Amino acid sequence: MLNEFKQFALRGNVVDLAIGVIIGAAFSKIVDSLVGDIFMPIIGAITGGLDFSNYFTPLAEGVTSQTLEQAKTQGAVLAWGSFLTVTLNFVVVAWILFLVVKGMNRLRRSEDAKTGTADKPPEVPADVKLLSEIRDLLKQGRTA
């Protein structure tokens, strides 16, 4: 059982997945900083100094604080500013991933164009060819 686990854990896909998760966590910190330290201050400057992270709606009568952290200790609050910040985080991540995939596809197309593989259709396996011929013969036999 230990050997099976070792084979599973050291298989290439598992290691690649672990590396991807670690890089994703580091990338998440970069995006958090990009949104929190760059985009939100710019949006705040454009909107007159608004800081979305402290925007909330009190749901309990005892909430009188002006900051989200203190308001959470006083009672239930709807922290819609935090939600807005997280949503902006998601949009930034999705946009960056879109640009990365788009760039990779462009590189792949240019490499295919250089090697001439872009115009060639993929080769059909022999068993698929045989099955296609059998199908065609069966169709001809029915109509004849």
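Residues numbered from 1 in each chain as written. Predicted model: local features only at pLDDT ≥ 70, side-chain atom pairs only at ≥ 80, totals over all residues. Heavy atoms only, no water.

On to the overall build of the chain, then. Summing up its helical and strand segments, the chain has five helices and two strands in all. Its C-alpha atoms give the chain a radius of gyration of 28 Å, clearly above 15 Å, the size a compact globule of 144 residues would have. Principal axes of the C-alpha set define a box for the chain whose edges measure 85 × 50 × 40 Å. Counting only residues that meet the buried cut, the chain has 10% of its 144 residues in that class. Intrachain contacts of the chain at a sequence separation of at least 6 include 39% that bridge at least 24 residues. (Helix = DSSP H or I, 4+ residues; strand = E, 2+ residues; numbered from the N terminus. Rg over C-alpha atoms; globule rule 2.2 N^0.38 Å. Buried < 20%, exposed > 50% of the residue type's maximum accessible area, 1.4 Å probe, protein only. Contact = heavy atoms within 4.5 Å.)

Next up on the list: the confidence of the model for the chain. Fine structural detail should not be taken from predicted coordinates in areas where pLDDT scores are low. When pLDDT is averaged along the chain, the result is 83; 92% of the residues meet or exceed 70. Looking at the elements of the chain, mean pLDDT is at its lowest for helix H1 (residues 2-9), recorded as 80, and at its highest for strand S2 (residues 77-78), recorded as 90. (pLDDT = per-residue confidence, 0-100.)

It is worth spelling out the side chain of Ser65 at this point. As for its position among the elements, Ser65 is in the loop between strand S1 (57-58) and helix H3 (68-74). At 2.9 Å, the side chain of Ser65 and the side chain of Gln70 are in polar contact. Ser65 has contacts with Phe56, Gln70, Ala71 and Gln74, leaving out every residue within four places of it along the chain. (Polar contact = N/O pair within 3.5 Å; in protein donor to acceptor, adjacent residues only side chain to side chain.)

Time to look at the environment of Ile96. The residue Ile96 is located in helix H4 (residues 80-115) in this model. Under the relative-accessibility criterion, Ile96 is labelled partly exposed at 23%. The contact partners of Ile96, leaving out residues within four places of it in the chain, are Phe27 and Leu34.

Here we take up the pattern of salt bridges. For the structure on display, the rule yields one salt bridge. Salt-bridge contacts for Asp136 lead to Arg135; the nearest nitrogen and oxygen are separated by 3.1 Å. Here Arg135 falls in the partly exposed class, since its relative accessible area comes to 43%. (Salt bridge = Lys/Arg side-chain N within 4 Å of Asp/Glu carboxyl O.)

With that out of the way, let us pick up a nonpolar patch on the surface. A contiguous nonpolar surface patch, about 380 Å² in accessible area, is contributed by Ile38, Phe39, Ile42 and Ile46. Among the secondary structure elements, Phe39 is positioned in helix H2 (residues 12-46). Of the residues examined, Phe39 reaches a relative accessible area of 33% and is grouped as partly exposed. (Patch = residues over 30% accessible without salt bridge, like charges linked within 9 Å, V, L, I, M, F, W, Y side chains within 5 Å. Areas by Shrake-Rupley, 256 points an atom, 1.4 Å probe, with all protein chains shown as cover.)

Another point: the packing of aromatic side chains. Evaluation of the coordinates by the stated rule reveals two aromatic pairs. Note on Tyr55 and Trp80: the rings are 5.2 Å apart at their centroids and 65° apart in plane angle, and the pair reads as edge-to-face. Taken together, the residues Tyr55 in the loop between H2 and S1 and Trp80 in helix H4 connect sequence positions 25 residues apart. (Phe/Tyr/Trp six-rings, centres within 6.5 Å; stacked < 30°, edge-to-face > 60°.)

Okay, H4 next. When the terminal C-alpha atoms of H4 are compared, their 52 Å separation across 36 residues agrees well with the 52 Å that a helix rising 1.5 Å per residue should span. Restricting attention to buried positions, one finds in H4 the residues Gly81, Thr85, Asn89 and Val92. Gly116 sits one or two positions beyond H4 and adopts a positive phi of about 80°. (Expected span 1.5 Å × (residues − 1).)

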